[in-house]
Amino acid sequence: MPRAHLTIDPHFTVGPIDRRLFGSFVEHLGRCVYDGIYEPGHPSADDEGFRADVIDLVRELGVSTIRYPGGNFVSGYRWEDGVGPREERPRRLDLAWHSTETNEIGLDEFASCMKKVDGELMYAVNLGTRGVLEALDVLEYANIRSGTRLSDQRAANGHPEPHDIRMWCLGNEMDGPWQLGYSTAENYARLAATTARAMRQIDPDLELVVCGSSGAGMPTFGEWERVVLEHTYDNVDYISCHAYYEPEGDDLASFLASGVDMDRFIDAVVATADHVKAIRRSEKTINISFDEWNVWYQSRYNEVDKITDVADWPVAPRLLEDRYTVLDAVVFGSLMISLIRHADRVTSASLAQLVNVIAPIMTEPGGPAWRQTTFYPFSLTAQLARGVALELKLDSPTYTTVKFGEVPVVDAVATIDPDSGAVTVFAVNRSLTDDVTLDIDSAALAGSVSSATATSIFDDDIHAANTLEQPDRVRPKTNDSVTLGDGAIAVTLPPCSWTVLTTE
Ligand code: AHR
């Protein structure tokens, strides 16, 4: 059996794991909001129309921040349509998703929903078709206590307490030709810098995210980051990264190595941010908000283009409702490994998205809610990756991929909880055929490991998924292969699997 070798030494750390790494994303898209988290007629709906069963699953998932309200949607959004008496709210055309937006849910309702899930709201302003003034208006409405027109309006709308939103995204994917208001780096950078400076006059402590590239494959990638940061460096805290992965044809070997691409993407953005830092002789470091990431079978459908007749754009159509398999969950888990490995610079991340739309949670109108396969690597990582990410020495057999060259068969990351000393290892086996034994040298943990247990996601059928009919077809399984010796732990990683190993 092939073997990989991992050395853990608690003295070598990457950095503390920010809880914001376990964020998610809710966009007014398809059935994410309407007929998703919000369905007033559903038997489990609370007095505000939010589904209690979905709220429970969101809490179980363990998300920290939630980015809202888009996405591409935000670039055509007027935030004020979504506040005030519901009967006066306009229906609008949503150009991003060829849908009709009813505005039944807006900032106040979503802020209330965030309380139910114990999360932090991260708000995106529209810099696609709007500008500085509208960003200042929504900031005033959301965060000023009282005594101004918009803060008093919020109170009159039934929300006397400010929402106190700390993290703000300055637009969305402004480098993408599909984006309303798509821009050159220079033009976007000037607008983002002016907006950031103005917002910070109201509150200098706001945490601001400037748009990076919408993917490492964009023709302007790298140069976009440099130009945008040169203009905004002093006024923002984060630059965003977005990445979605799917197999090309039957090239599952490359798909399984998607984490390699994410590693390279992060390293490139960090290098660019630090290049700008050096040029500016700045003391400040810009971190990454990886605020859209997931597996997404984007090229499989053209659902939005099929909605043509503008007289008939639907409310909450079924869009981007990917059904995730065991294979997808393994890739997904490996993306989380990549994020944690960069915990020193990726200090915020948002799984795109939360409910129904490329989501870990699915719902049926009037029916049940269930967990997709990807729910499990997320919830287990959010629950168990506590404390500090460790720098590891990992020796693994390799294999050759079409897209990324030679890559390790096993990838892993470890975290340590400084309070309890407990170490947790997250690992993937990318081989489609072979078990791999992971030998963990834990001698540096000074004999403090008295027990180790492992849970894995794998299946004889890597295409197995959870569905309405079979919501529990795929669940994590106890991995009984763990052995504990003197300063050594071993665990067998099944083919195409994701594993978490905890020690005490
Ligand atoms: O998450 C789906 C879409 O992907 C978002 O609206 C957009 O920002 C990205 O292209």
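Scroll up to find the structure this text is about.
Computed from a prediction, not measured in an experiment: that's the story for all the values here. Numbering of residues starts from 1 in every chain and runs along the sequence as written. Predicted model: local features are reported for residues with pLDDT of at least 70 only, side-chain atom pairs are reported and counted for 80 or more only, and whole-chain, interface and lining totals are derived from all residues. The side-chain quantities take in all heavy atoms of the structure and omit both hydrogens and water.

**Student:** What is the right way to read the pattern of salt bridges from this model?
**Tutor:** Pairing is possible between side chains that carry opposite charge, provided their charged atoms lie close to one another. A side-chain nitrogen of Lys or Arg and a carboxyl oxygen of Asp or Glu constitute a salt bridge if their distance falls within 4 Å. Using the criterion set out here, one finds 35 salt bridges in the structure. The residue Glu207 makes a salt bridge to Arg20 at a minimum N-O spacing of 2.7 Å. Here Glu207, found in strand 9 (residues 207–210), pairs with Arg20, found in the loop between strand 2 (13–16) and strand 3 (23–25); they are 187 residues apart in sequence, far enough to count as distant. Accessibility here uses a 1.4 Å probe with only protein chains present; expressed as a share of the type maximum, an area under 20% marks a residue as buried, one over 50% as exposed, and anything in between as partly exposed. Overall, Arg20 belongs to the buried group, its relative accessible area being 11%. Across the pair Glu109 and Arg89 runs a salt bridge, and its minimum N-O distance is 2.8 Å. Of this pair, Glu109 sits in helix 2 (residues 107–116) while Arg89 sits in the loop between strand 4 (65–68) and strand 5 (92–94), placing them 20 residues apart in sequence. When its relative accessible area of 12% is taken as the criterion, Glu109 is described as buried. Each member of the salt-bridge network shares a partner with another, and the members are Arg31, Arg318, Glu321 and Glu364. Numbering of helices and strands runs from the N terminus; a helix is a DSSP stretch of H or I covering at least four residues, while a strand is a stretch of E covering at least two.

**Student:** Where do I start with the sheet that holds strand 24 (residues 483–485) in this structure?
**Tutor:** Note: strands within a sheet are paired through backbone hydrogen bonds, in either parallel or antiparallel orientation. Reading across from one edge, 16-1-21-25-24 is the order of the five strands in this open sheet, with mixed pairing throughout. Looking at which strands have only one partner, the edges of the open sheet turn out to be strand 16 (393–395) and strand 24. Averaged over all pairs of adjacent strands, the angle between their axes in this sheet comes to 15°, without regard to strand direction. Here strand 24 pairs with strand 25 (residues 488–493) via three bridges, running antiparallel. Bridge assignment links Gly485 to a residue of strand 25, and that residue is Ala488. Strands were regarded as paired on the criterion that DSSP finds at least two bridges between them. The angle between two axes is taken between their N-to-C directions and runs from 0 to 180 degrees, where each axis is a line fitted to C-alpha atoms and a helix contributes only its stretch in contact.

**Student:** Is there a simple way to think about unusual backbone geometry in this case?
**Tutor:** Most peptide bonds take the trans form, and the phi angle of most residues other than glycine is negative. With an omega of 5°, the peptide bond running from Tyr68 to Pro69 counts as cis. If you trace the backbone, Pro69 turns up in the loop between strand 4 and strand 5. Of note, the amide linkage connecting Ala352 to Gln353 takes the cis form, showing an omega dihedral of 0°. Residue position: Gln353 is located in the loop between strand 12 (346–352) and strand 13 (361–363). Phi at Glu173 takes a positive value of approximately 40°, unusual for a residue other than glycine. Mapped onto the elements, Glu173 comes out in the loop between strand 8 (167–170) and helix 5 (185–202). What makes Glu173 buried here is its relative accessible area of 7%. Located in the positive-phi region is Leu320, a residue other than glycine, with phi close to 55°. With respect to the element layout, Leu320 can be found in the loop between helix 9 (303–306) and helix 10 (326–341). Owing to a relative accessible area of 5%, Leu320 belongs among the buried residues under this scheme.

**Student:** Teacher, can you tell me more about the pairing of strand 7 (residues 120–125) here?
**Tutor:** Consecutive side chains of a regular strand alternate in pointing toward one face of the sheet and then the other. Summarising burial for strand 7: five of the six residues are buried, a large majority. With four bridges connecting them, strand 4 and strand 7 associate as parallel partners. Looking at the pairing, Ile66 lines up with Leu121 of strand 7. As judged from the four bridges shared by strand 7 and strand 8, these two strands associate in the parallel manner. Across the sheet, the residue bridging to Tyr123 is Trp168, located in strand 8.

**Student:** What is the right way to read the packing of aromatic side chains from this model?
**Tutor:** Between two aromatic rings, the relevant description is the distance of the centres plus the angle of the planes. Pairing of aromatic rings covers Phe, Tyr and Trp, the last through its six-membered ring, and needs centres within 6.5 Å; plane angles under 30 degrees mean stacked, over 60 mean edge-to-face, and all others mean tilted. Evaluation of the coordinates by the stated rule reveals 16 aromatic pairs. With a centroid separation of 6.4 Å and 85° between ring planes, the pair formed by Phe22 and Phe378 is classed as edge-to-face. Highlighted residues: Phe22 in the loop between strand 2 and strand 3 and Phe378 in helix 11 (residues 375–384), separated in sequence by 356 residues. For the residue pair Phe22 and Phe378, the accessibility class agrees, reading buried in each case. Seen in terms of ring centroids, Phe221 and Phe265 are 5.3 Å apart; in terms of plane orientation they differ by 75°. Their pairing is edge-to-face.

**Student:** Is there a simple way to explain helix 4 (residues 149–156) in this structure?
**Tutor:** A turn of α-helix holds 3.6 residues, and therefore any two residues three or four places apart point the same way. For helix 4, the full list of buried residues reads Leu150, Ser151 and Arg154. The buried side chains of helix 4 occupy one side of the element, clustering within an arc of 105° when seen end-on. Facing away from the buried side of helix 4 by more than 90 degrees, the exposed set consists of Arg149 and Ala156. We call two residues in contact when some of their heavy atoms are within 4.5 Å. In this structure, the buried residues of helix 4 make contact with helix 2 and helix 3 (132–143). This arc corresponds to the set of directions leading from the helix axis out to the C-beta atoms.

**Student:** I'm lost on the site of the ligand in this one. Help?
**Tutor:** Here, proximity means that at least one heavy atom of the residue falls within 4 Å of the molecule or strand. Every residue near the ligand is listed here: Phe25, Glu27, Gly71, Asn72, Trp97, Asn172, Glu173, Tyr244, Glu292, Trp296, Gln353 and Ile358. Distance and chemistry together define a polar contact, namely a pair of N or O atoms within 3.5 Å, with one atom able to donate a hydrogen and the other to accept it when in protein, and with adjacent residues in sequence counting only for side-chain atoms on both sides. For the ligand, an oxygen atom lies 3.0 Å from a polar atom in the side chain of Asn172. Within the contact set of the ligand, an oxygen atom lies 2.8 Å away from a side-chain nitrogen or oxygen of Tyr244. A majority-of-atoms criterion places the ligand in the largest pocket. Residues were grouped as follows: Ala, Val, Leu, Ile, Met, Phe, Trp, Tyr, Cys and Pro as nonpolar; Asp, Glu, Lys and Arg as charged; and all remaining residues, including Gly, as polar. Looking at the shell around the ligand residue by residue, the classes come out as five nonpolar, four polar and three charged. Space inside and on the surface of the protein is sampled on a 1 Å grid over the protein atoms alone, with a cavity defined as a set of points where a 1.4 Å probe fits but cannot get out and a pocket as an open set with protein on both sides within 12 Å along at least 5 of 7 lines; lining residues have an atom within 4 Å of a point. Molecules are considered to sit inside a cavity or pocket once more than half of their atoms lie within 2 Å of its grid points.

**Student:** I'm lost on the sheet that holds strand 3 in this one. Help?
**Tutor:** Taken together, the eight strands give a closed barrel; going around it, the order is 3-4-7-8-9-10-11-12, and neighbouring strands pair in parallel fashion. Ignoring which end each strand starts from, the neighbouring axes of this sheet average 30° apart. Packed onto the sheet, helix 2 meets strand 4 and strand 7 and runs at close to 155° relative to strand 7. Running over the sheet, helix 8 (residues 258–279) touches strand 10 (238–245), strand 11 (287–295) and strand 12 and is turned about 160° from strand 10.

**Student:** I tried to follow a nonpolar patch on the surface on my own but got confused; where do I start?
**Tutor:** Within this analysis, patches are made of residues with over 30% relative accessible area and no salt bridge. Like charges are joined at 9 Å or less; nonpolar side chains (Val, Leu, Ile, Met, Phe, Trp, Tyr) at 5 Å or less. Throughout, the Shrake-Rupley method with a 1.4 Å probe supplies accessible areas, and for residues the shown protein chains are the sole cover considered. Side chains of Leu93, Leu95, Leu180 and Val310 sit close together on the surface and give an oily, nonpolar patch of about 330 Å² of accessible area. Among the secondary structure elements, Val310 is positioned in the loop between helix 9 and helix 10. We classify Val310 as partly exposed; its relative accessible area is 45%.

**Student:** Sorry if this is basic, but what is going on with the packing of helix 8 against helix 10 here?
**Tutor:** Geometry of a packed helix pair, given as the angle between the helix axes and the separation of the axes. Interhelical geometry of helix 8 versus helix 10 gives an angle of 25° and a closest axis separation of 8 Å. As far as their axial angle goes, helix 10 and helix 8 are roughly parallel. Crossing handedness for the pair helix 8 and helix 10: right-handed. Across from Ser258, Gly259, Met262, Asp263 and Ile266 in helix 8, the residues of helix 10 making contact are Val331, Ser334, Leu335, Ser338, Leu339 and Arg341. If an angle is under 35 degrees, it is roughly parallel; if it is over 145, roughly antiparallel; if it lies from 65 to 115, roughly perpendicular; otherwise it is oblique. Handedness of each helix crossing follows the sense of rotation of the near helix against the far helix: counterclockwise by less than a right angle gives left-handed, clockwise gives right-handed.

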